[in-house]
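# Observations on chain architecture
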Amino acid sequence: MTNSILEVNNLTGGYQANKPVLHDLSLNVNENEIVGLIGLNGAGKSTTIKHVLGLLDPMKGNIRVAGSTFSENKDTYRKQFSYIPETPLLYDELTLWEHLQLTALAYELDDDWQQRAEGLLKEFRMTNMKNWFPGHFSKGMRQKVMIMCAFLVQPSLYIVDEPFVGLDPIGIQSFLDTMVQMKEKGAGVLMSTHILSTAERYCDRFIILHDGVIVMSGTMTELQHEIGKPGATLDEIYIKATRSGK
Amino acid sequence: MMQLEMLWKERAGAFWNIALRYFRLIGNSSFLFTLVLTLIFGAYYYSELLKVLPETFPGVAVITIIAAFVIVRTPLRFFLSEADLVFLLPAESKLKDYFLRSLFYSFMLQAFITVVTMVILAPLYQHEMAAGTSYYIFVIAIMLLLKGLNVLMKWMELHLPAHRSVVGFVVVRTFMTMLLSYLLFVQASWVFVSLTAIGFVGVLLFVFFPLQGKYAIKWEKLLALDEKQSMKFYRTANLFTDVPKLKQSVKGRRVISSIADKILPNDTVYEKLYQKAFVRSNEYLGIYLRLLLIGLLVIVFVPGTTGKMIGAGLFIYLTATQLRTLYPHFDAHVMIKLYPLKSGQKDLAFQKMLKRLLGVQAVLFALIALVLTQSVITFFLIGLIGSVAVLVATMKKTSKP
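### Comments concerning a nonpolar patch on the surface
Residue and element names in this part refer to chain B. On the surface, a nonpolar cluster with roughly 580 Å² of combined accessible area is contributed by Leu-49, Val-52, Leu-293, Ile-294, Leu-297 and Phe-301. Secondary structure elements with two or more residues in the nonpolar patch: α2 (31–52) and α12 (284–301). No other element matches the four residues that α12 contributes to the nonpolar patch. Summarising the element assignment, Phe-301 is placed in helix α12.

Structure below.
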């Protein structure tokens, strides 16, 4: 039995009426599942994510998170997911701990968030920097702040945009471990990335986006079968899918 | 410590703290003196101009256009930060108060500008319509009301998704504002005024308000707006002092750039850099052209050779003061310091470009005076005062290294 936590139905969207970036896109993310969103630069990954976040309104089609669209349920729609952006976005004026505090405030988390936050700080080796100002951290450390804030919420859906760039190997491992933990607890994850070898190991399903259209989707076995090459790596599948101009 | 209710106050407070510091610097600079001089000069000739204004001058139309422009142009300020895209997004529905405060704040700032504009227009209006002061004060009050309605309408417009054009809404808003202010200015019958006012409110309720319910807040658009406005402020402040927060905005300007390659100094490293920065970066070119244009207008409209001479000198000096902020433009660049350049090249290059730019200005000023007055003496006098101004302006030691 599968339950869709995120459903994108026939989405046409983008920034200009006469030049949509996404064409009739349909995809879904189920509970207990990590879905990899894969595509070249400019394929429409970030636009898809912006539509899911409710930053852009669909021109056609709709997007449902836990069954309802943004306009149906403005108050709770965004509480269903947390978002890790490609570039860390932080406040210069707030310390690391205050960022976690603000997250708790925005999502109206119960008081036990503090314990979870301490746990996350430890996992990501940031306990010492709790009262530092992350505005001056390195890219990797700022990325860790974003990751911790997202995991603190424990939502039913994670939207993750290229999380690995700049992270050190231990950071990457901590991120992946926590993500798998959340998945096992029932969360769904939509992750856009270019690091295909990692995606291959951790994602349950893949969606390959090219020029705003889904060219292939499915599990590794399904994708390998589709290109008629059992044992092919995700890199091979990806290059084949995007080169053939399907 | 953190409460969403306090957020707006904290942010507006933080901005004003910085802004006040810059205002103090601006107040201390010599530019203020030049500005006051320009104002007195302007006020004097404004009253002179009114005396000689022909009967056929479409005064009310001009007033309507200026007033409507000030009222329709409605930049809103939200004090958003990029990180809000992640942290405040889930709390959007709790931020109503935050956005209301932003709207009220934007209204207050622009109400001030509206009142100032209306006061400046008052003599022209009295000249045209000979209405009582109390009526004009009433008109100003209605203008403020219109400003408020425009703030609301603009806020609704900002909800429009990227694929729906905003043009129709702006046209409706502009038309309604112009119509109502025109009727008020010509003291039209109450029936027309009230009918238009009712129409205005109807448009707000039935055309603009539904947008808010239908669409989400466009965070990225608001962020871009905020960014644009704070950069405008910092760029203005940058004319008086170094503003570290200023991000560079660069425009290609292919045609102008290739012209500048030929007419501006372009032989040494600094000459090339300054020349490119002048054309492509920030507002330098815009400031130069704007001052050139206003200067030309002043020389055309100000009667008497003395007035024209003062105008020419003043505008050349003003341009020099403003362009001087280009001097430290590349100071933060490490690579340039590593180049094997002769000492003094930087100062030389800057002076040379400044002289060239101001020289062009002086020549144009003198030429237009010649065409206008057909008097070689005026041409020479303005040319003379222009050259003196160029020399004085470029002699002044360029600010600290």
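### As for the interface of chain A and chain B
Counting residues at the interface gives 33 residues for chain A, matched by 30 residues for chain B. Taken together, both faces of the contact between chain A and chain B bury some 2,700 Å²; the carbon and sulfur share is 64%. For the chain A face of the interface with chain B, the top three residues by lost area are Leu55(A), Asp57(A) and Tyr91(A), together amounting to 24%. At the surface where chain A touches chain B, the tally comes to four salt bridges. Here Lys94(B) makes a salt bridge to Glu108(A), at a shortest N to O gap of 3.5 Å. Where chain A packs against chain B, one counts nine residue pairs in polar contact (both at pLDDT 80 or more). When contributions to the side of chain A that touches chain B are tallied by element, the ones reaching two or more residues are α1 (45–53), α2 (74–77), α3 (96–106) and α5 (139–153) of chain A. Considering every element that reaches the side of chain A that touches chain B, the biggest residue donor is α3(A), with seven residues. A breakdown of the residues in the side of chain A that touches chain B according to their chemical character gives 19 nonpolar, six polar and eight charged.

### Observations concerning the nonpolar core
In this structure, Leu6(A), Phe175(A), Trp155(B) and Trp219(B) are the most contacted members of the largest nonpolar core, which totals 156 residues. Aside from chain neighbours lying at most four places away, what touches Trp219(B) is Leu55(A), Arg78(A), Leu80(B), Asp84(B), Leu85(B), Leu88(B), Leu89(B), Glu92(B), Leu95(B) and Phe99(B). Ranked by size, the runner-up nonpolar core spans 44 residues in total, among them Ala320(B), Leu323(B), Tyr327(B) and Phe350(B).

### What about helix α8 (residues 190–214) of chain B?
All names here are of chain B. Its 25 residues place the ends of α8 36 Å apart at the C-alpha level, agreeing with the 36 Å of an ideal helix rising 1.5 Å per residue. Of all bends in α8, the biggest is about 30°, found at Phe-208, and the proline Pro-210 comes one to four residues later. Of the residues making up α8, those classed as buried are Val-193, Thr-196, Phe-200, Val-203, Leu-204, Phe-208 and Leu-211.

### What about helix α5 (residues 96–129) of chain B?
Taken as a whole, α5(B) carries its principal kink of about 40° at Ala122(B); the proline Pro123(B) stands between one and four residues after it. Trailing α5(B) by a residue or two, Ala130(B) shows a phi angle of about 50°, which is positive.

### Examining the sheet that holds strand β4 (residues 60–65) of chain A
Residues and elements named next belong to chain A. Overall, antiparallel pairing links the three strands, which are arranged β2-β1-β4 in an open sheet. A strand with exactly one partner marks an edge of an open sheet, and here the two such strands are β2 (22–30) and β4. Each neighbouring strand pair of the sheet contributes to a mean axis angle of 10°, computed without reference to strand direction. Direction of pairing for strand β1 (residues 4–13) relative to β2: antiparallel, over a ladder of six bridges.

### Points about the domain arrangement of chain B
Residues and elements named next belong to chain B. Parsing chain B into structural domains produces domain 1 (4–42 + 53–234) and domain 2 (248–395). Of note, the centres of domain 1 and domain 2, computed from C-alpha atoms alone, are 34 Å apart. Across the boundary between the two partners, domain 1 contributes five residues, which contact 10 residues of domain 2. In this assembly, domain 1 packs against domain 2 so that about 650 Å² is buried in total across both faces, 86% of it on carbon and sulfur atoms.

### Examining the pattern of salt bridges
This model, assessed by the stated rule, comprises 20 salt bridges over all chains. Here Asp331(B) makes a salt bridge to Lys346(B), at a shortest N to O gap of 2.6 Å. You can see Asp331(B) sitting in the loop between α13 (305–323) and α14 (334–338) and its partner Lys346(B) sitting in helix α15 (residues 345–373), a full 15 residues away along the chain. Accessibility expressed as a relative area gives 25% for Asp331(B), which makes it partly exposed. By relative accessible area, Lys346(B) is classed as buried at 14%. When salt bridges that share partners are traced, they join Lys79(A), Glu108(A) and Lys94(B) into one network.

### Overview of the pairing of strand β8 (residues 205–210) of chain A
Residues and elements named next belong to chain A. Counting buried positions along β8 gives six out of six residues, so the element sits mostly inside the fold. Along β8, one buried face is formed by Arg-205, Ile-207 and Leu-209 and the opposite face, lined by Phe-206, Ile-208 and His-210, is buried too. Sheet topology places strand β3 (residues 33–39) next to β8; five bridges connect them, and they run parallel. Within the sheet, the bridge partner assigned to Gly-36 lies in β8 and is Phe-206.

### Quick look at the environment of Asp110(A)
Assignment of secondary structure puts Asp110(A) in the loop between α3 and α4 (113–123). A residue is classified by how much of its surface remains accessible, and Asp110(A), at 58% relative accessible area, is exposed.

### Considering the sheet that holds strand β6 (residues 157–161) of chain A
Residue and element names in this part refer to chain A. Ordered by their spatial adjacency, six strands build an open sheet running β5-β6-β7-β3-β8-β9, and the pairing between neighbours is mixed. With one partner strand each, in any of the chains shown, β5 (81–84) and β9 (213–218) form the two edges of the open sheet. Strand-to-strand, the axes of this sheet are offset by a mean angle of 15°, without reference to chain direction. Note that β8 and β9 share five bridges and pair antiparallel. Bridge pairing in β9 places His-210 opposite Val-213. Here α5 sits on the sheet and contacts β5 and β6; the angle it forms with β5, its principal contact strand, is near 175°. This element, helix α9 (residues 234–243), spans β3, β8 and β9 of the sheet and lies at about 30° to β8.

### A word on the packing of aromatic side chains
All names here are of chain B. By the definition in use, this model includes 37 aromatic pairs over all chains. Ring centres of Tyr-327 and Phe-350 lie 5.2 Å apart, and the angle between their planes is 70°; on these two criteria the pair is classed as edge-to-face. A residue pair is termed long-range when its members are at least 10 positions apart, and Tyr-327 in the loop between α13 and α14 and Phe-350 in helix α15 qualify at 23 residues. Per residue, the accessibility class of Tyr-327 equals that of Phe-350, and both read buried. One aromatic cluster is present, formed by Trp-8, Phe-15, Trp-16, Tyr-22, Phe-23, Phe-79, Tyr-105, Phe-233 and Tyr-234 through successive ring pairs. One residue, Arg-77, lies across the ring of Phe-15, its end atom 4.7 Å from the ring centre.

Criteria and thresholds
- Residues numbered from 1 in each chain as written.
- Chains lettered and ligands numbered in written order.
- Predicted model: local features only at pLDDT ≥ 70, side-chain atom pairs only at ≥ 80, totals over all residues.
- Heavy atoms only, no water.
- Patch = residues over 30% accessible without salt bridge, like charges linked within 9 Å, V, L, I, M, F, W, Y side chains within 5 Å.
- Areas by Shrake-Rupley, 256 points an atom, 1.4 Å probe, with all protein chains shown as cover.
- Salt bridge = Lys/Arg side-chain N within 4 Å of Asp/Glu carboxyl O.
- Helix = DSSP H or I, 4+ residues; strand = E, 2+ residues; numbered from the N terminus.
- Contact = heavy atoms within 4.5 Å.
- Buried area = accessible area lost by both parts, 1.4 Å probe.
- Polar contact = N/O pair within 3.5 Å; in protein donor to acceptor, adjacent residues only side chain to side chain.
- Nonpolar A, V, L, I, M, F, W, Y, C, P; charged D, E, K, R; others polar.
- Core = buried A, V, L, I, M, F, W, Y, C linked by side-chain atoms within 4.5 Å.
- Buried < 20%, exposed > 50% of the residue type's maximum accessible area, 1.4 Å probe, protein only.
- Expected span 1.5 Å × (residues − 1).
- Bend = angle between axes of the 7 residues up to and from the residue.
- Pairing = 2+ DSSP bridges.
- Axes fitted to C-alpha atoms, helices over the stretch in contact; angles between N-to-C directions.
- Domains from an automatic or database assignment.
- Phe/Tyr/Trp six-rings, centres within 6.5 Å; stacked < 30°, edge-to-face > 60°.
- Lys NZ or Arg CZ within 6 Å of the ring centre and 35° of its normal.

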